[in-house]
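Below, each chain spelled out in residue letters.
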Amino acid sequence: MRNAALFVAVVALTLPVAAAGERASSTKTADTVLAIEPGRRYDSLVRLNAQTLEPTGAKLALRDKLSHAYAFRPDGRRVAIPSVAAHGLRVFDTRTLKRAGRVWLSDVYVGEYVWMAQRRIVGFGQEGVFAVDPVAGKPLRTPAIPPEIVDVRRVGNRLVFLFGRPRWAVGAARVVVVDPAGRSTELRLKRIKAGVFERGYGPETFQPGLAIDPAGRAFVVGGRDEPIAEVNLKTLRLTYHELPRSAQKVTGRTRRAIWLGGGRIAVWGDDVVAQSGRHESVPTGLVIADLRQRRYELVDADARSVLSTARTLLVSDLRGGLKGYSTTGQRLYEAFTGERVLVAATFRSRAFVFSPEDGPRGIRVIDARTGTVVETRRSLPFILHPDFKQPGRG
């Protein structure tokens, strides 16, 4: 059940970090990007102009819906897309968009995965972790991955898993790194709490945030009473960053985190606190943790959702409106004042904004740097490129 819940979150909130194949593919056709476009009956694979997001050729019907995951082969010439109809992955030629193969999986519903080597795909689905040879179509030895997964990300040709303690226990968080050869290495973060414990009033959940530096580092962020952990994904060296601490009497916490560069991490989430015999979830607001200056800075006390693109933080909250901040915390603008809006995705300097009242077919495209509306769209393609980001991951 735990894996099923995480799988839904991973599929809905995919945020890939560039793998070797993705960089190769985008380099060869720098003015275009591959995308999955939603349709009434089926999704379609299509090549889009990277500036206008208009199709540059014919579409290929995928005969599936909600195909929101992908992985490029290391040379960029093939892309694997999950298919419920095919009971696994369909493989396509990235230049011709023609079908180039199929990989059967025991898991019908697939979330995050990486084409690590020419003959190795490793990923995570509703039933757990899988490994397969896409050429022979045969399963490979599955990396040793515990079932208590909190988050999973791909970083280049590696997978990074964040774990809590075994079910109904709270203890040290764990990070497992799977390398291109399919080997897994586990590190225990003894100073950061994670896991779920059943209390009389309900489950007590401690879920740290995972931020990824594309240069090859992972950061795990818990509460203000804990240090920030840094894992070098190549050497697997663990380092703790000590920032000013504050005592926190909480019965649970959830954190989200985004690496901003320059030693800064954007952090937000919720604390569960006991008040008058009741347990309530209290937003922490958006905070920037500066590892170089060793300090925290509160940027927006009302923040509930955060995305980062074009060196701009896009922040929305329950009161409405959309605020833009620099990566150092300076407010740049406020747009859609009083209107309840959400950021569905970003791509390079553009953000795709919609109102829940209007539904997904009323999408406004803004310049993320200024908040200015530049166009409107009836639908949003899922762009197969590391610059395409969706809420909740970073």
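Remember, predicted model here, so these are calculated numbers, not experimental data.

(A) Structural view of the packing of aromatic side chains. Tallied over the full model, the rule gives five aromatic pairs. When the ring of Phe161 is compared with that of Phe163, the centres are 5.9 Å apart and the planes differ by 25°; the resulting orientation is stacked. This pair shows no difference in class: Phe161 is buried, exactly as Phe163 is. Ring geometry for Phe382 and Phe388: centres 5.5 Å apart, planes at 80°, overall edge-to-face. Given a relative accessible area of 2%, Phe382 falls into the buried group.

(B) Main features of the environment of Asp133. Along the chain, Asp133 turns up in strand 10 (residues 128-133). According to the relative accessible area criterion, Asp133 is buried, its value standing at 8%. The spacing of Asp133 and Gln118 is 15 residues in sequence and 8.4 Å in space, taken between C-alpha atoms. Apart from the residues within four sequence positions on either side, Asp133 is in contact with Arg119, Lys138 and Leu140.

(C) Broad picture of the sheet that holds strand 4 (residues 71-72). Strands sit in the order 4-5-6-7 across an open sheet of four strands; the sheet is antiparallel. A strand with exactly one partner marks an edge of an open sheet, and here the two such strands are strand 4 and strand 7 (99-104). As defined by bridge partners, strand 4 adjoins strand 5 (residues 78-83) across two bridges and the pair is classed as antiparallel. Note on strand 5: the bridge partner recorded for Ala71 is Ala80.

What counts, and at which threshold
- Residues numbered from 1 in each chain as written.
- Predicted model: local features only at pLDDT ≥ 70, side-chain atom pairs only at ≥ 80, totals over all residues.
- Heavy atoms only, no water.
- Phe/Tyr/Trp six-rings, centres within 6.5 Å; stacked < 30°, edge-to-face > 60°.
- Buried < 20%, exposed > 50% of the residue type's maximum accessible area, 1.4 Å probe, protein only.
- Helix = DSSP H or I, 4+ residues; strand = E, 2+ residues; numbered from the N terminus.
- Contact = heavy atoms within 4.5 Å.
- Pairing = 2+ DSSP bridges.

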